[in-house]
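Examination of the molecular architecture
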Amino acid sequence: MQVIHIAGDNPFSPKAYSMRYWNREIHNNLPQPNFLLSKASPLSAVDAANYAALAAQNSLSTHLSSFCSSANLFCFPDLAANLENHDTDSNFVSYLDRNFTNYGTDRNSGVDSFKNYSEGDNLPIDSFSRYSRDSVGHKDEFSNYASDGNIVDQSFHSYAGGANAGAGEFNNYNQGVNDPNLRFTSYAQEANGRDHSFTSYTGQTNAGSETFTTYGKNGNGTPNDFSSYGEGSNAIDSNFNNYGENGKQDNDTFTSYGSNGNVPENNFNNYGAQASSGSETFTSYREQANVGDDSFQSYGKKSDSEKIDFANYGQSFHNGTDKFSSYGAGAKGEVVGFKIYALNTTFKDYKDQNATTFTQYTEAEMVSGSLVNKWVEPGKFFRESMLKEGKVMPMPDIKDKMPKRSFLPRAIVSKLPFSTSKLAEIKQTFLARDNSTMERIIKDALSECERAPSAGETKHCVASIEDMIDFASSVLGGNVVVRTTENLNGSKQEIMIGSVKGINGGRVTKSVSCHQSLYPYLLYYCHSVPRVRVYGADILDPDTKAKINHGVAICHLDTKAWSPTHGAFLALGSSPGQIEVCHWIFENDMAWTMAD
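In short, a report on the structure. All figures in this text were calculated on a predicted structure; none of them were measured in a lab.

**What about the state of the cysteines?**
Considering all chains together, one arrives at four disulfides under this definition. A sulfur-sulfur distance of 2.1 Å marks the disulfide that ties Cys 514 to Cys 526. Its S-S torsion of about 115° marks the bond between Cys 514 and Cys 526 as right-handed, since a negative value means left-handed. With a gap of twelve residues between them, Cys 514 in strand β26 (residues 509-517) and Cys 526 in strand β27 (residues 523-540) connect regions that are remote in the sequence. Here Cys 514 falls in the buried class, since its relative accessible area comes to 1%. Since its relative accessible area comes to 0%, Cys 526 is described here as buried. Each sulfur in the disulfide pair Cys 555 and Cys 582 lies 2.0 Å from the other. The S-S bond linking Cys 555 to Cys 582 shows a torsion near 110°; that makes this disulfide right-handed. With Cys 555 in strand β28 (residues 547-556) and Cys 582 in strand β29 (residues 581-584), the pair connects residues that are 27 residues apart, well separated along the chain. Comparing Cys 555 with Cys 582 shows no difference in burial state: the two are buried. The disulfide pattern of the protein chain is 1-2, 3-4, 5-6, 7-8 when the bonded cysteines are numbered in sequence order.

Written as structure tokens, this is what we have:
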């Protein structure tokens, strides 16, 4: 079926239809909300009809590129293979969004360096297949790989496999990224007589998942140093499978894994198994982390004449769930030491010989107050008493970090599958490969939308303006208004509160909050929020007292059902049901209330 494109809107365009739908369903004379209508589908009437027909035939995938472009959707590009082969030393200053198949294979001596690979990009999609494989006496450096990206899909397949002599230095891998799906398959496998250092892997990362499959496996005389993995990361799912396995005469050090993390899920499967005649040192694992789940399955298993030392495991702020299943099991002739194991869960299969030292096993220390606040951005949560004229407070980063997308017309959405039972069809529509970032995004959105509502909650995921209007009016009636914070001014700065108005006279009321979910088309998770007060507040520059923004804030008065580890209680120092919690409505989020 050929898709015909006609520029411009007409009275039958999706946006025009949404405007008419608003006038028909909303029973007041208030102005239509431009910030909501701006999210209507940009498709022309003819394009909308054509794509609706394709959706009905389950054939949208055959026109996915044009559909994503013309409908303003979020779709990952397919990267063509890059067959570049660099035979001389190179210094790459900047590199972005391409597959790199082969770099530096069989290189003799010299120095190669990458300074910036996909730095600061939104939606970077990269694959790096091979770097310095089988090189001899060669030095290679990677200064910065894909830092500060958003919705990151990165794979690094092989670094310095089979390399002899020389040195490798990898300084930053995906530092400060948001919602990553990272895969690092092999670092220095079967290398010989070569120094390796890995300085930072995904520090300050938010959400998403990361895997590191093997580091220094089958190495010979290769000192390996890994300084920091996942430090300061938030809600990350992290898997590290093999470090220094079957190494000979290696001296391996791992300085920090998952320190200062917030609600991490860490799995470390194998460190130094069957290594011989060297040393293994692990300095710190999830120190000062906040709750989460951790598993460390094997350290120094069946090693031979290996010096093994583990300094600190899990000195946390708030206990999580920990399992440490094997330490030095089946090892021969080594010195084994474990200084601090700090959590109150399991420690199984610990090598019990005279050479073994265990200095301290201690309950984790519970810390509250300002130290815990480091996990919660200043100003993200506040008390209702702060909404008073003249108060100065920090405003968090309220910028929308989601990719820019538009709603789809209801005529198309109604024909697209949207349930976990239809996952295969959804993946086919958006060409999502197995175990890809897009598959994870789709699964996460479906899971959240299909989750059972909490006590007192009414929830619904909406993918069109008409669906959002229907849900809000079903909860609040037809005389409703929708609000959002006016702009980004004051974000990440100190602000002063100006004139404050309580919505619905400042009475305890009910509202419908709508928050974006990550999905190929614009999708909102909307839910009714009982027992709240909603405020509109002028936001002033604290120095000039000039108005720079108008914010919408919502105060939740009933927090009994919230988790004790909710960021609001970490920031404000209380517990569920003891205090009200307020927050701003961020960019592109919305609060619906009954009209005054």
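From this point on, the discussion continues.
**Quick notes on the packing of aromatic side chains**
In total, this model carries ten aromatic pairs according to the counting rule given. Between Phe 430 and Tyr 521, the aromatic rings sit 6.3 Å apart at their centres with planes inclined by 50°, giving tilted as the arrangement. In this pair, Phe 430 is assigned in the loop between α6 (423-429) and α7 (437-450) and Tyr 521 in the loop between β26 and β27, connecting sequence segments 91 residues apart. By relative accessible area, Phe 430 is classed as buried at 8%. Residue classification places Tyr 521 among the buried residues on the basis of a relative accessible area of 2%. Joined through ring pairs, the aromatic side chains of Phe 418, Phe 430, Tyr 519 and Tyr 521 make up one cluster.

Scoring rules and cut-offs
Residues numbered from 1 in each chain as written. Predicted model: local features only at pLDDT ≥ 70, side-chain atom pairs only at ≥ 80, totals over all residues. Heavy atoms only, no water. Disulfide = S-S within 2.5 Å. Helix = DSSP H or I, 4+ residues; strand = E, 2+ residues; numbered from the N terminus. Buried < 20%, exposed > 50% of the residue type's maximum accessible area, 1.4 Å probe, protein only. Phe/Tyr/Trp six-rings, centres within 6.5 Å; stacked < 30°, edge-to-face > 60°.

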